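Chains, contacts and geometry: an overview
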Amino acid sequence: MEFRNRRMSLRWVLCISIAIVAAASAFSLLGAEDRGWIDVDYSRLVDRRILAHNGEAVGSIVERLAAAPDTMNPADLALVDPLLERYAFVLPDAIEALAGAPQLPMVELGWLWEPGEAGPAWVELLRSRRFLVESDGQGRLRVFLPVPQKRGPLPISQRDSEEAAHSAWDAAWPVLRHVLAAERARLASLRGGETALQVSAYPYRHDPAHGRFSLGVVAHRVDVSDTRPRGDRPPLDLAAWTRFLAETRRLQGGLLAGDELQLLGSEVDPAPALLGEDLTLADLAVAYRAVFHGSLAEPYMSLDKGPSPQRSIVNYGGRLRDTKLGLVSLLCDIRFKTFSQGIDPLTMRDIRTELRQVVPDFKSHLERFSLDASARGLMSQQTRLWFYPDSVEAILSPQADVLVMRRARMTAASERVGSNISNDSEAKDPAWTRGLVSEINRDYEALGRVFPELESLDETVRLLTFFSWLKMLDDQGAAIPDLAALLTVPLPALRTPRSFPQLLAFNALPGVGSRHDAQVFPRPDVVSALDRLSPEDGSWLPAKLRFARALSVLDNRAPHEKALAERLAGLASGGSSDEQLDALTYQAERQRMHDFVLKTLAPEPRNALVQRQKSGETLRVFSVGIGGLDLGMKKVLARAGGRQLKLPWGTDGAMTQARGAGARSSAGTRPGRQGWVRRPASPRDEWRHDPAGLARTMIPEHGFSSSQATRAEARGPYEASRQLGDQLLNMAGDRDGGWAQVVLGLDSPDLRSRRVSFDTQGDVTEIERIEGAWRRRFRPLRSAASVVMEPVELAPAGDDPGGNPKLP
């Protein structure tokens, strides 16, 4: 059955057997009179082999954090946070394990939109489970909210669960109110009138070092019939911001005068754009979300070590995935591959000649390497190239109430990943690398005419710097506008890559003084061939099997490969964890990959190179590493703080400002300034309204329709849902034990499925979750102070004695 006709790829399927007993309500916890907390341990469900942004296995990072709980490294926390926050799914599992089955199954609202699908900006905060929001489709919701962080250790009292729930609710309200308004709008359209929502909010605190959540079992319960803002912040003037963007102004800063925020900018031609499209409120919404709700890490984008050497993982910090800002960052990152080898990774063409038409002196990294006499004898080098905001120039007034961005240009930089150079002052940054980096920075504007993403990166930097300034003011208690209104802005449909192929190439580098140029032969065919050796669903082969397979492919007839195989086998002989075996396997697979590149070159170019070698020329093969972008702007603002500020009012290229009534020119005048003021201690009634132009959204259809709900009342909810389930999938559940299943994204690579088994008393006995290639079956082990999610071994494919429903 399709509940969403406008998009066929996402289906919502519900099946429940009649054996479930709905004796307990999901909205009241039995046995929780102590008003305390429980620990929800998910540590044994974690896929410890998944690689973090730094290429290290999550299991290794978590072990390091757990070894020093009092001095946990913030960088390590930032690495694992985006990978572990999704395990918040155990929170509703724990509530049901304690309280029993709800009367109707709960659907996770964030996953009613597929990743990359058009939708309001707040959806990603639900999909990532920073805020986990569930609904039964009939006006009852269950939300799990992070407790606001305070400085210093935060002991958990046995009496503060409800207080923490109320605090978490208040902190989340600027975001959550838009979600609730969207669900009220859906129900109003179905029922023909306004409906109050019954919401139970549970607080949680996350301890990633030990793989557990502290969950408050006493909810904050509220009937929501009013989703207006609290009135503690002035409304955001969305109309003025829209006009500012429509009048082709480039954002150059902002002015916070009292509680009024004004945009500063100058008119430019052509209009500021991202990848050829004009800037919109959606781009500002993404930048706001990245800075204010971007998890522990600052915004970044990087191509990082993946499970297999032929592919890199595309990591986006600040929730930039599936956004235009994220795509700009990715395209700029892969452009370093062009600067390194002269090949466009998107078309696999050698474009060095085209680049020299714009930058006559352009030389790729490989060319510089081959022409440098000091590189003689060096057979390989891995270099990491990236952009970082070292040269971004921003100026703050002494009171920090005015920001002006004088320069929004990123700087190219480099880092040696591995080298066989020793005792040399240039080991970290050799001359050929310094030359390339200097050329990129010197000729950035010219290169931007060839690669529009470089120009778009400037606009991305401006947006992130602007919202970083506002975040700084917000942290200081300034009365900045209710920026969360930007989260209602619909983001366009866009799915950015999750992985990216390495630019494998046979590189024939001539010696110094050779009459031949460096030749580069792209080998995307090797990437495709190696991809076929991996599971199609993106899952991992068992670590031991993968390691044995990788060693078996190494050629013992080649001395260097035989030595590598013996060394890796020796390292693994003492008993290695899966994460350690994966690291060893990667070395063997990387050797195999380069062997394929070198040994399978087409006959025509190979014969030509053989003739060159026979003539006495020495050719070398060169490997280039991966890159990234650091988009965090805190250091930019730190450098800007306390500097005297002179605004160019009334000069050529004068800036203009957008006041509450709209964007008006201020040339020839100097705006009156009173500095920023603090947020009021009490809400103001005049601020309790939505801004004009606020985007309105409805939650997609989910749960039972009104007619199905009527049948449920007449026959009991589980009888009605059993009939619906039989109609949809013709499945027969385990009628003795009972099961319930909700499936989202049935036709999507982002399949989400939750199956819950109950006994005849309505108690949860087993849970199975599928999230893409990740699949776990587990049982909740309950005690007075904890719920431990214990894995249950999955049945072999095609043999499912538990009566699990089979997905078509």
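Residues numbered from 1 in each chain as written. Predicted model: local features only at pLDDT ≥ 70, side-chain atom pairs only at ≥ 80, totals over all residues. Heavy atoms only, no water.

Okay, the packing of aromatic side chains next. A complete count under the given rule lists 24 aromatic pairs for this structure. Seen from their ring centres, Phe144 and Tyr202 are 5.3 Å apart, and the 15 degrees between their planes marks the pair as stacked. Of this pair, Phe144 sits in strand S6 (residues 140-146) while Tyr202 is found in strand S7 (residues 197-207), placing the two residues 58 residues apart along the sequence. Grouping residues by exposure puts Phe144 and Tyr202 together as buried. Where Phe466 meets Phe467, the ring centres are 5.2 Å apart and the plane angle is 80 degrees; that geometry is what we call edge-to-face. (Phe/Tyr/Trp six-rings, centres within 6.5 Å; stacked < 30°, edge-to-face > 60°. Helix = DSSP H or I, 4+ residues; strand = E, 2+ residues; numbered from the N terminus. Buried < 20%, exposed > 50% of the residue type's maximum accessible area, 1.4 Å probe, protein only.)

The share of residues in the protein with pLDDT of 70 or more is 79%, and the mean pLDDT across the chain is 81. The lowest-confidence element of the protein is helix H20 (residues 706-715), averaging 34 in pLDDT; the highest-confidence one is strand S22 (residues 490-491), averaging 97. Note on residues 642-654: pLDDT is under 50 here. Beyond four places in sequence and across chains, it has 31 contacts. (pLDDT = per-residue confidence, 0-100. Contact = heavy atoms within 4.5 Å.)

Another aspect to go through is the environment of Trp113. Mapped onto the secondary structure, Trp113 falls in the loop between strand S3 (107-108) and strand S4 (119-120). Among the residues examined, Trp113 registers a relative accessible area of 3% and is labelled buried. In the structure, Trp113 is positioned ten residues away from Val123 in sequence and 7.6 Å away in space, judged by C-alpha atoms.

The next thing to look at is the pattern of salt bridges. Under the definition given, this model contains 61 salt bridges. The shortest N-O distance in the salt bridge between Arg249 and Glu267 comes to 3.8 Å. One end of the pair, Arg249, is in strand S10 (residues 249-257); the other, Glu267, is in strand S11 (residues 260-267), and 18 residues separate them in sequence. Asp322 is the salt-bridge partner of Arg321, the closest N and O atoms lying 3.9 Å from each other. The exposure class of Arg321 is partly exposed, given its relative accessible area of 32%. (Salt bridge = Lys/Arg side-chain N within 4 Å of Asp/Glu carboxyl O.)

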